[in-house]
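# Reading the structure
What follows is each chain in one-letter form.
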Amino acid sequence: MLLEFLFPKTCVGCGKLGVYFCPSCSQRFSLASPICPMCGSGSIGGITHVRCRRPLGIDGLVALFAYREGIQVAVKRLKYRFVREMGEAFVDLAHKRIESSVVSYFQRDSFRVVPVPLFRTRERRRGYNQAAVLGEFFALRLGLDFAPVLARVKNTQALAELQVRLSSNEEKAIEEKYLSLAQRRVAQWKLLAEKKSRLRADEIRGAFKVSEKFKVQNAKLLLVDDVWTSGGTMLECAKTLKRTGASRVWGLAFSRGGR
Ligand SMILES: [Zn+2]
Ligand SMILES: [Zn+2]
């Protein structure tokens, strides 16, 4: 195959030829610690804390590998030099690491797998949606239905790349309020983080639409994506699905960056 010739199959960790994930690297990839997807702090099994539950919120998150080293390389490769076989290798690797109790939970309640969509021009340019490829293979492995029912109707900027800065008025207000430099730094950092999350929320709001409503109403859904970073994208997907009548929504991310 031409692509194989251009981009020979090599291990993302050590470069060994002939595999995407060699056995010794596969053993070494660290798992991300489970977090509550609503507040980002630790939670057993990735279940949303009782205090963090919201009617349109997400109910839990399985985020598998820590987004660093070989896993980071792998996710970038999945986006930019695609071979379908690579998607399958990702899911093989991930499937072994999903707790069996979580798998039986998804199976018992007949969750449907919904990939996080790309905007159509971006998908056309790339030729595929990596989340959909992962979603298809996850559905197959877990024995769940694959239901690509979300569409992205807004071409959002990459949330991680959104830039924010403080206005001179905001800077001044902080200077007036705090005397010590250390306190000012903390206050600036906090305000920046707040502005960033507000900007992300504004950017992603209304970005998704449900196409086949009957597949969503009263359904339990498992959103699939390659990376969970701020969570903004999946949270907005979950909100859209719940508004359409989904009874429960979980996220499944191949990897997790950030905190
Ligand atoms: Zn290796
Ligand atoms: Zn929480």
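Residues numbered from 1 in each chain as written. Chains lettered and ligands numbered in written order. Predicted model: local features only at pLDDT ≥ 70, side-chain atom pairs only at ≥ 80, totals over all residues.

Below, the discussion takes up the overall build of the chain. Along its length, the chain carries 10 helices and seven strands. For 259 residues, the compact-globule estimate of 2.2 N^0.38 gives 18 Å, and the C-alpha radius of gyration of the chain, at 20 Å, lies within 12% of that figure. For the chain, the spread of C-alpha atoms along the principal axes amounts to about 65 × 45 × 40 Å. Residue burial in the chain is summarised as follows: out of 259 residues, 37% are buried. (Helix = DSSP H or I, 4+ residues; strand = E, 2+ residues; numbered from the N terminus. Rg over C-alpha atoms; globule rule 2.2 N^0.38 Å. Buried ≥ 20, exposed ≤ 12 C-beta atoms within 10 Å, placed from the backbone.)

As a further point, take helix α7 (residues 130-142). For α7, spanning 13 residues, the distance from its first C-alpha to its last is 18 Å, which sits close to the expected 18 Å at 1.5 Å a residue. Those residues of α7 lying buried are Q130, A131, A132, V133, L134, G135, F137, F138, A139 and L142. In the segment just after α7, G143 is the residue with positive phi, at about 70°. (Expected span 1.5 Å × (residues − 1).)

A word on the environment of S30. Following the sequence through the fold, S30 ends up in the loop between α2 (23-28) and β1 (60-66). Separated by 214 residues in sequence, S30 and T244 place their C-alpha atoms 36 Å apart.

Before going further, it helps to spend a moment on the sheet that holds strand β3 (residues 145-146). In spatial order, the strands read β1-β7-β6-β2-β3; together these five strands make up an open sheet with parallel pairing. Edge positions in the sheet fall to β1 and β3, since each has one partner strand and no second. Strand contacts of helix α10 (residues 232-243): β6 (220-228) and β7 (248-256), with the helix running at about 165° to β6, the strand carrying the most contacts. (Pairing = 2+ DSSP bridges. Contact = placed C-beta atoms within 7 Å. Axes fitted to C-alpha atoms, helices over the stretch in contact; angles between N-to-C directions.)

In terms of nonpolar packing, the biggest core is built from 67 residues, with F90, L221, L222 and L223 touching the most fellow members. Counting residues per element, this core draws most heavily on α7, at eight residues. For L223, the contacting residues outside a window of four places in its chain are V114, V116, M234, C237, A238, V249, G251 and L252. (Core = buried A, V, L, I, M, F, W, Y, C linked by C-beta atoms within 7 Å.)

In this section: helix α3 (residues 69-80). Because an α-helix packs 3.6 residues into every turn, residues spaced three or four apart end up facing the same way. The end-to-end C-alpha distance of α3 is 17 Å, a good match for the 16 Å that 12 residues give at a rise of 1.5 Å each. Inspection of α3 places G70, I71, A74, V75 and L78 among the buried residues, and these make up the whole buried set. Viewed along the axis of α3, the buried residues span an arc of 135°, placing them on a single side of the element. (Arc of directions from axis to C-beta.)

As a packed pair, helix α4 (residues 84-95) and α7 sit with axes 9 Å apart at the nearest point and diverge in direction by 50°. When the axes of α4 and α7 are compared, the pair comes out oblique. For the crossing formed where α4 meets α7, the hand is right-handed. For the pair formed by α4 and α7, the contact residues are R84, G87, E88, F90, V91 and H95 on the first element and V133, L134, F137, F138 and R141 on the second. (Parallel < 35°, antiparallel > 145°, perpendicular 65-115°, else oblique. Left-handed = near helix turned anticlockwise from the far one by under 90°.)

Right, let's get into the pairing of strand β2 (residues 112-115). The pairing of β2 with β3 spans two bridges and is parallel. Looking at the pairing, V113 lines up with F146 of β3. Sheet analysis places β2 next to β6, joined by four bridges and oriented parallel. Among the inter-strand pairings, V113 is bridged to a residue of β6, identified as L222.

Moving on, we get to the domain arrangement of the chain. Domain parsing of the chain yields domain 1 (21-154 + 207-256) and domain 2 (161-200). Computed from C-alpha atoms alone, the centre-to-centre distance between domain 1 and domain 2 is 33 Å. (Domains from an automatic or database assignment.)

Relative to the assigned elements, E88 resides in helix α4. With 74 residues separating them along the chain, E88 and C14 place their C-alpha atoms 19 Å apart.

Attention shifts here to unusual backbone geometry. Located in the positive-phi region is S110, a residue other than glycine, with phi close to 45°. With respect to the helices, strands and loops of the structure, S110 is situated in the loop between α5 (100-108) and β2. Take S110: there are 11 C-beta atoms within 10 Å of it, and that puts it in the exposed class.

The next point concerns the pairing of β7. Of all nine residues in β7, eight are buried, a share of seventy percent or more. Pairing of β1 with β7, which is carried by six bridges, proceeds in the parallel orientation. Opposite A66, over in β7, you have R256 as the bridge partner. Taken together, the eight bridges between β6 and β7 define a ladder with parallel strand orientation. Bridge pairing links V227 to S255 in β7.

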